Amino acid sequence: MNGAHFAFTDRWGGVSAVPYEELNLGGAVGDDPEAVRANRELAAKSLGLDPARVVWMNQVHGADVAVVDGPWGSAAEIPSVDAIVTTRRGLALAVLTADCTPVLLADPVAGIAAAAHAGRPGMVAGVVPAAVRAMTELGADPARILARTGPAVCGRCYEVPEEMRADVAAVEPAAYAETSWGTSAVDVTAGVHAQLDRLGVHDREQSPVCTIESGDHFSYRRDRTTGRLAGYVWLD
Ligand SMILES: [Zn+2]
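All values derive from a computational prediction rather than experimental measurement.

Conventions used here
Residues numbered from 1 in each chain as written. Predicted model: local features only at pLDDT ≥ 70, side-chain atom pairs only at ≥ 80, totals over all residues. Heavy atoms only, no water. Donors = N, O, S within 2.8 Å, 3.2 Å for Na, K, Ca; no water. Tetrahedral: all angles 85-135°; square planar, octahedral: opposite > 155°, others 65-115°. Buried < 20%, exposed > 50% of the residue type's maximum accessible area, 1.4 Å probe, protein only. Helix = DSSP H or I, 4+ residues; strand = E, 2+ residues; numbered from the N terminus. Arc of directions from axis to C-beta. Contact = heavy atoms within 4.5 Å. Pairing = 2+ DSSP bridges. Core = buried A, V, L, I, M, F, W, Y, C linked by side-chain atoms within 4.5 Å. Axes fitted to C-alpha atoms, helices over the stretch in contact; angles between N-to-C directions.

Once that is clear, we can look at the coordination of the zinc ion. Protein-derived coordination of the zinc ion comes from Cys 154 (SG), Cys 157 (SG), Cys 210 (SG) and Glu 213 (OE), at a distance range of 2.0 to 2.3 Å. One can describe the donor arrangement at the zinc ion as tetrahedral, given that its four donor atoms subtend angles of 102 to 116 degrees at the metal. Here the donor residues of the zinc ion share one chain and are spaced in sequence as C-x2-C-x52-C-x2-E. Assessed through its relative accessible area of 6%, Cys 210 is described here as buried.

This is the structure:
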């Protein structure tokens with residue numbers, strides 16, 4: 001599809017043991033590092049990617065963006081950011097989640113891709129608009145940007161205190177939600193899509209999967225000690 005590729009993993013097809021079974025791709029959740037390395041290789045190969053050409057982030061629920069042109073030299077070089085942008089075709093950008101919203105963006109014409117991690121704090125802080133701005137500064141056109149959001153906790157499941165919902169909705173009204181049992185909630189993915197819409201990014205798709213409701217996905221809110229899913233974006 002025009003040179004842009006988007007992929008989201010589920011929890012199956014890896015080597016991690018309980019409670020990270022099977023395809024845990026997160027390196028900071030207590031899983032065996034060898035299993036994570038093997039899983040990252042399996043996931044990359046299943047997508048036709050070179051595992052050494054996948055760029056990961058040290059995600060911190062902020063709104064900082066890094067522009068990257070290759071894999072980090074060492075773990076110590078991985079910056080604490082929640083969005084990465086590249087102009088390198090063939091370089092895959094990856095985002096880790098287990099309930100937060102993974103956001104993949106690409107302008108295949110300009111040859112610019114981005115991956116962002118939008119949990120509630122990141123969505124409120126504007127990490128996704130920051131990623132779009134970084135893309136446009138490099139020559140992307142919002143009208144050409146394709147946006148895909150992956151499996152995440154849905155607004156009917158993500159219960160928060162009423163005051164927190166009010167604070168979030170004051171920044172992003174589209175994120176105001178109610179749980180299926182009638183209490184206050186936040187819909188982070190709806191907030192992300194509203195932000196993208198205002199920026200002129202209209203070619204958007206949203207995964208129908210709710211991580212809390214799906215037994216095929218990792219959910220931090222459901223299981224606490226668990227693995228991480230990954231979203232990958234790359235351009236031919
Ligand atoms: Zn749900």
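Let us now look at helix 4 (residues 162-171). Looking only at helix 4, the buried set comprises Arg 165, Val 168 and Ala 169. All buried residues of helix 4 project into a common sector of 95 degrees when viewed along the axis, lining one side. Away from its buried face, by an angle of more than 90 degrees, helix 4 presents the exposed residues Glu 163 and Ala 170. Among the structural elements, helix 2 (120-125), strand 9 (176-178) and strand 10 (184-186) are those in contact with the buried residues of helix 4.

Okay, the pairing of strand 12 (residues 229-235) next. Where a strand is regular, its side chains alternate between the two sheet faces. Burial runs high along strand 12: seven of the seven residues are buried. Alternating positions in strand 12 separate into two faces, Leu 229, Gly 231, Val 233 and Leu 235 on one and Ala 230, Tyr 232 and Trp 234 on the other, with burial throughout. Sheet topology places strand 1 (residues 4-8) next to strand 12; five bridges connect them, and they run antiparallel. Across the sheet, residue His 5 finds its bridge partner in strand 12, namely Trp 234. Where strand 5 (residues 92-97) meets strand 12, five bridges bridge the pair, whose relative direction is antiparallel. Looking at strand 12, one finds that Ala 94 is bridged to Tyr 232.

Now for the sheet that holds strand 12. Strand order in this open sheet of four strands is 1-12-5-2, and the pairing throughout is mixed. Strands at the two margins of the open sheet, each flanked by one partner only, are strand 1 and strand 2 (54-55). Bridge count between strand 2 and strand 5: two bridges; the pairing is parallel. By the bridge assignment, Val 55 is partnered in strand 5 with Leu 93.

Okay, the nonpolar core next. If you look at the biggest cluster of nonpolar residues, it comprises 31 residues, and the most contacted ones within it are Leu 105, Val 128, Met 135, Val 192 and Leu 196. Taken together, the elements giving at least two residues each to this core come down to strand 4 (83-86), strand 6 (101-107), strand 7 (112-118), helix 3 (127-137) and helix 5 (188-198). The element contributing the most residues to this core is helix 3, with six residues. Residues in contact with Val 128, not counting those within four places in the same chain, are Val 103, Ala 116, Ala 118, Val 192, Gln 195 and Leu 196. Counting 18 residues, the second largest nonpolar core, distinct from the first, contains Val 55, Leu 91, Val 95 and Ala 106.

Bringing the sheet that holds strand 3 (residues 65-67) into the picture now. Spatially, six strands are ordered 3-4-7-6-8-11 in an open sheet, and the strand pairing comes out mixed. Every interior strand has two partners, whereas the edge strands, strand 3 and strand 11 (203-206), have only one. Neighbour-to-neighbour, the strand axes of the sheet open up by a mean angle of 15 degrees, direction not taken into account. Pairing geometry for strand 8 (residues 146-149) and strand 11, over four bridges, is parallel. Considered in strand 11, the bridge of Arg 148 is made with Glu 205.

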